[in-house]
Amino acid sequence: MQRTKVAIVGMGTVGSGVARLLLDHGDRTARHAGRVLWLEKAVVRDLRKPRTADLPAGVLTDDLQQVLRDPEIKVAAHLVGGLEPARTIMLELLHAGKDIVTANKALLAQHGAELFDVARKLGRSIAFEASVAGGVPIITNISQCLSANQILSLEGILNGTSNFIVTQMENQGMAYDQAVRLAQENGYAEADPTMDVDGSDAAQKLAILAHLAFGARAHWEDIPRIGIDQLDPLDLQFARHLGYRIKLLASAHLGNTGLELHVAPTLVRAGTPLAEVQDAFNAIRVIGDAVGPVFFHGLGAGQMPTASAVVADLIDTAVGRCKLTFQTLELFSLVNPPRVHLRDADDMPGRYYLRMHVDDTPGVLAKVTGALGRHAVSIASVIQHEPDQHAGKRSVPLVVMTHEASEGAASAAAEEIQTFAQTHGKLIRLRVKA
Ligand code: NAP
Ligand code: HSE
């Protein structure tokens, strides 16, 4: 049977999973590719580190040149995280004539235009299914299977680490720091988990999906984003009491005046599919004008789910399917103008959950509701429990659920309430999914 020689650059969590699939299930990949995907080299930074995949002798190296100089290696799985040296390595691989498969969304979201331009000029391809939602095949579905549609909206849980942490806090009462450590031990988190918990990783993935689904040219840093790093367990409790769960939602909605994009912890009605996504699972609800709503769900982080997407891309690249798709893909195109414009964040409509600590004294509720009224924010419900007599405190948590209001109005009302002498600590404002 014909052989296509493959290299893996980066043998950490994902790279080791890819090696295991290629080595342990070569018959499976050969059947789908019509040729053997032969693991020729695996490049790492530190040869002394223990690896979770058993590689044949001579495969592991710390010398990238062994891949660059071998013309028989046609495809490289680029599984180094971060921006540098990941960008330089990808450019070197492209210039050496390799087609690329990558899981690095940070690199694509930051340098995608440059890398795609170089790949197009050199007649090479970059496949990136694993870069968004790990094992869930969302890239192929949006760019190929749903291409007859105008996508109207896309809402998703795109960061497995954040979802894992919130689920552990909610279901097990686990402390935030312990949940972060467990996500790292399970191989879900980035090398620096800050990007996971501050909403950056989800914004990078949303930027890629928004390019594909809407022809938007949003840079991930321009997407308004809030992470779970500021989430208070008290809000998880109040949300549950109100019949919701809190999820880090990445949202894109197409309206008459443009595309709205944001990433934020959001109250999602318990019992609905997105609210029930647990642990490191990801989910994306897409609405197309022809197909209607479609729901994707699966593991968005972790070794084997991500390796599943990488190996599928390796097969598609070896067969030649990726090259065809890559040529017609508008992603990071410098030629095609954007098909939609981004809406001003202040105009975006939404419902809000506001939680504040206020003095339990006459007139305070009237002041709070007055501020909301002045900014045309209508109240849907209010919760204030009696103060704990034993704690001897005079301030109590006050939760207000609003009807739909613009982001600008809700934010202005919250800022005004925050200035009251009777308001203590930080006012928390979370979105509520419609
Ligand atoms: P990781 O465990 O940190 O592995 C990174 C690998 O890159 C390590 O093997 C490291 O070598 C190697 N490396 C770093 N610098 C190198 C260099 N200059 N030359 C050669 N190799 C170098 O990361 P990971 O979790 O596998 O993630 C890899 C990529 O996949 C990232 O972009 C990540 O965002 C993405 N991703 C990860 C997941 C997941 O669940 N983990 C899911 C989807 C996407 P040493 O081992 O010798 O240090
Ligand atoms: N750190 C990422 C996450 C890996 O937790 O979702 C998958 O991209």
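All values reported here derive from a predicted model rather than from experimental measurement.

Reading guide: rules and limits
Sequence order as written defines the numbering, with residues in each chain counted from 1. Starting at A for chains and at 1 for ligands, labels are handed out in the order in which the entities are written. Reporting of local features is limited, given that this is a predicted model, to residues whose pLDDT is at least 70; pairs of side-chain atoms are given and counted only at 80 or more, and all residues count toward the totals for whole chains, interfaces and linings. To get the side-chain values, take all heavy atoms of the structure and skip hydrogens and water. In this description a helix means any DSSP run of H or I spanning at least four residues, a strand means any run of E spanning at least two, and both kinds are numbered starting from the N terminus. Pairs of residues are marked as contacts when any of their non-hydrogen atoms sit within 4.5 Å. By this definition, two strands are paired if DSSP reports at least two bridges between them. Reported domain spans reflect what an automatic or database domain assignment gives. The term buried area means the drop in 1.4 Å probe accessible area that two parts suffer when joined, counted for both and summed. Note on definitions: salt bridges are taken to be side-chain nitrogens of Lys or Arg within 4 Å of carboxyl oxygens of Asp or Glu. Pairs of N or O atoms are called polar contacts if they sit within 3.5 Å, as long as, within protein, a hydrogen donor faces a hydrogen acceptor (for residues adjacent in sequence, only side-chain-to-side-chain pairs). A 1.4 Å probe rolled over the protein chains alone gives each residue an accessible area, and that area as a share of the maximum for its type sets the label: buried under 20%, exposed over 50%, partly exposed in between. Note on terminology: near, applied to a residue and a molecule or strand, indicates that one of the residue's heavy atoms is within 4 Å of it. For the accessible areas, the method is Shrake-Rupley and the probe is 1.4 Å, while residue cover comes only from the protein chains on display. For this classification, Asp, Glu, Lys and Arg are treated as charged, while Ala, Val, Leu, Ile, Met, Phe, Trp, Tyr, Cys and Pro are nonpolar and the rest, including Gly, are polar.

## Overview of the environment of Val 294
- Positionally, Val 294 belongs in strand 11 (residues 292-299).
- Val 294 sits 148 residues away from Leu 146 along the chain, and the two C-alpha atoms are 9.7 Å apart.
- Residues within four places of Val 294 in sequence aside, it is in contact with Leu 146, Ile 284, Arg 285 and Val 286.

## A word on the sheet that holds strand 3 (residues 60-61)
- On the basis of which strands lie adjacent, the open sheet formed by six strands has the order 3-2-1-4-5-6 and parallel pairing. The open sheet has two edge strands, strand 3 and strand 6 (126-127), and neither has a second partner.
- Bridge count for strand 2 (residues 36-43) against strand 3 is two bridges, and the pairing is parallel. Across the sheet, the residue bridging to Ala 42 is Leu 60, located in strand 3.

## Re the domain arrangement of the protein
- Domain boundaries in the protein define domain 1 (3-134 + 305-329), domain 2 (151-300) and domain 3 (345-432).
- Measuring from the centre of the C-alpha atoms in domain 2 to the corresponding centre in domain 3 gives 24 Å.
- At the interface, 17 residues of domain 2 touch 17 residues of domain 3.
- Surface buried jointly by domain 2 and domain 3 totals about 1400 Å² across both partners, of which 70% is contributed by carbon and sulfur atoms.
- On the domain 2 side of the interface with domain 3, the three residues burying the most area are Asp 235, Phe 238 and Leu 267, jointly 36% of the side's total.
- With a closest N to O distance of 3.6 Å, Arg 355 and Asp 232 form a salt bridge.
- Scanning the region where domain 2 abuts domain 3 turns up four residue pairs in polar contact (both at pLDDT 80 or more).

## What to know about the pattern of salt bridges
- Summed over the entire model, instances satisfying the criterion amount to 19 salt bridges.
- We note a salt bridge from Arg 48 to Asp 46, for which the minimum N-O separation is 3.2 Å.
- Taking the relative accessible area as the measure of exposure, Asp 46 reaches 23% and is therefore partly exposed.
- Between Asp 117 and Lys 121 there is a salt bridge; the shortest N-O distance is 3.2 Å. With Asp 117 and Lys 121 both in helix 5 (residues 105-122) and four residues apart, this pair spans about one turn of that helix.
- Several salt bridges converge on common partners, so that one network encompasses Lys 105, Glu 190, Asp 201 and Lys 205.

## Considering the site of ligand 1
- Lining the immediate surroundings of ligand 1 are 25 residues, of which Asp 46, Lys 49, Arg 51, Glu 190 and Gly 302 lie closest.
- Gly 12 is positioned with one of its backbone polar atoms (N or O) 2.9 Å from an oxygen atom of ligand 1.
- Here an oxygen atom of ligand 1 sits 2.7 Å away from a polar atom, N or O, in the side chain of Lys 49.
- For ligand 1, the accessible surface in isolation is 900 Å², of which the surrounding protein chains cover 86%.
- Along the lines of polarity and charge, the residues of the shell around ligand 1 split into 11 nonpolar, eight polar and six charged.

## Concerning the site of ligand 2
- The full set close to ligand 2 counts 13 residues, and Lys 105, Thr 161, Tyr 188, Glu 190 and Asp 196 are the nearest of them.
- At 2.6 Å from an oxygen atom of ligand 2 is found a side-chain nitrogen or oxygen belonging to Thr 161.
- Tyr 188 places a polar main-chain atom, nitrogen or oxygen, 2.7 Å from a nitrogen atom of ligand 2.
- Only helix 7 (160-172) and helix 10 (200-214) provide two or more residues apiece to the shell around ligand 2.
- When its residues are assigned to classes, the shell around ligand 2 shows four nonpolar, four polar and five charged.

## Considering unusual backbone geometry
- Residue Pro 85 is bonded to the preceding Glu 84 through a cis peptide linkage, with omega at 10°.
- Backbone geometry places Ala 133, a non-glycine residue, at a positive phi of 65°.
- Considering the arrangement of structural elements, one finds Ala 133 in the loop between strand 6 and helix 6 (138-145).
- Residue class for Ala 133 comes out buried when judged on its relative accessible area of 0%.
- Notably, Asp 279 is not glycine yet its phi reads approximately 50°, a positive angle.
- Relative to the helices and strands, Asp 279 is located in the loop between strand 9 (258-269) and strand 10 (281-288).

## Brief notes about the environment of Ser 308
- Turning to its location among the elements, Ser 308 is positioned in helix 12 (residues 303-319).
- Here the alpha-carbon distance between Ser 308 and Gly 135, two residues 173 residues apart in the chain, equals 6.1 Å.

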